[in-house]
Amino acid sequence: MDSVYEAIGGMETFERLVHGFYSQVKGDDVIGPMYPDNDWEGAEQRLTWFLAQYWGGPQLFSENRGHPRLRMRHAPYPIDITAHDRWLELMGNSLADIDEETIPPAYREMIWDHMQRVAAMMINKAP
């Protein structure tokens, strides 16, 4: 059985998804300021590695960064429900920009469910 990574086109698809997301984040007034101006490429690369690894691709995140420890890595940033919603909005836009031939509905639903769960897990600030 193919992994989700293989089934949806491998690294190229994850690079498209993450690039589409970060192209929106750069100008975003809610989550854009959480990113250091000198590390856009690094942030994009790390999210690409993480998602590819999670969905069955190469272990690039672990090899380069160790265990993901998502909550710990995001703890310095004030993530409230507004940031959560915006993150999902921008990621949803990027996912919607990728055709269903590349990411069929069943895989799209799996990926979106994961995005929603992770976004909820990152909330670390009360409203």
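A brief structural summary. (Residues numbered from 1 in each chain as written. Predicted model: local features only at pLDDT ≥ 70, side-chain atom pairs only at ≥ 80, totals over all residues. Heavy atoms only, no water.)

Quick look at the side chain of E44
Then step 1. Within the element layout of this structure, E44 appears in helix α3 (residues 40-54).
Then step 2. Buried charge E44 goes without a salt bridge, the closest partner of opposite sign being K26 at 5.4 Å.
Then step 3. The contact partners of E44, leaving out residues within four places of it in the chain, are V18, H19 and Y22. (Helix = DSSP H or I, 4+ residues; strand = E, 2+ residues; numbered from the N terminus. Buried < 20%, exposed > 50% of the residue type's maximum accessible area, 1.4 Å probe, protein only. Lys, Arg positive; Asp, Glu negative; His and termini not counted. Salt bridge = Lys/Arg side-chain N within 4 Å of Asp/Glu carboxyl O. Contact = heavy atoms within 4.5 Å.)

Section: the packing of aromatic side chains
Then step 1. A complete count under the given rule lists nine aromatic pairs for this structure.
Then step 2. With centroids separated by 6.3 Å and ring planes inclined at 75 degrees, the aromatic side chains of Y22 and W40 adopt a geometry described as edge-to-face. With Y22 in helix α2 (residues 11-25) and W40 in helix α3, the pair connects residues that are 18 residues apart, well separated along the chain.
Then step 3. The class of Y22 is buried, set by a relative accessible area of 4%.
Then step 4. Between Y35 and W40 the ring centres are 5.3 Å apart and the planes differ by 25 degrees, which places this aromatic pair in the stacked class. (Phe/Tyr/Trp six-rings, centres within 6.5 Å; stacked < 30°, edge-to-face > 60°.)

A closer look at unusual backbone geometry
Then step 1. In the Ramachandran plot, R69 falls in the positive-phi region, its phi being about 40 degrees despite a non-glycine side chain.
Then step 2. Mapped onto the secondary structure, R69 falls in the loop between α4 (60-65) and α5 (70-74).

Examining the nonpolar core
Then step 1. Grouped together as the largest cluster of nonpolar side chains are 37 residues, with contacts concentrated most on F21, Y22, Y35 and W87.
Then step 2. For this core, the secondary structure elements donating two or more residues are α1 (4-7), α2, α3, α6 (81-96) and α7 (105-122).
Then step 3. For W87, the residues in contact, after removing those within four places along its chain, are F21, I31, Y35, M115 and A119. (Core = buried A, V, L, I, M, F, W, Y, C linked by side-chain atoms within 4.5 Å.)

A look at α2
Then step 1. Between its terminal C-alpha atoms α2 stretches 21 Å, which fits the 21 Å expected from 15 residues at 1.5 Å a residue.
Then step 2. The set of residues buried in α2 consists of M11, T13, F14, L17, V18, G20, F21, Y22 and V25.
Then step 3. Structurally, α2 contributes buried residues whose contacts are with α1, α3, α4, α6 and α7. (Expected span 1.5 Å × (residues − 1).)

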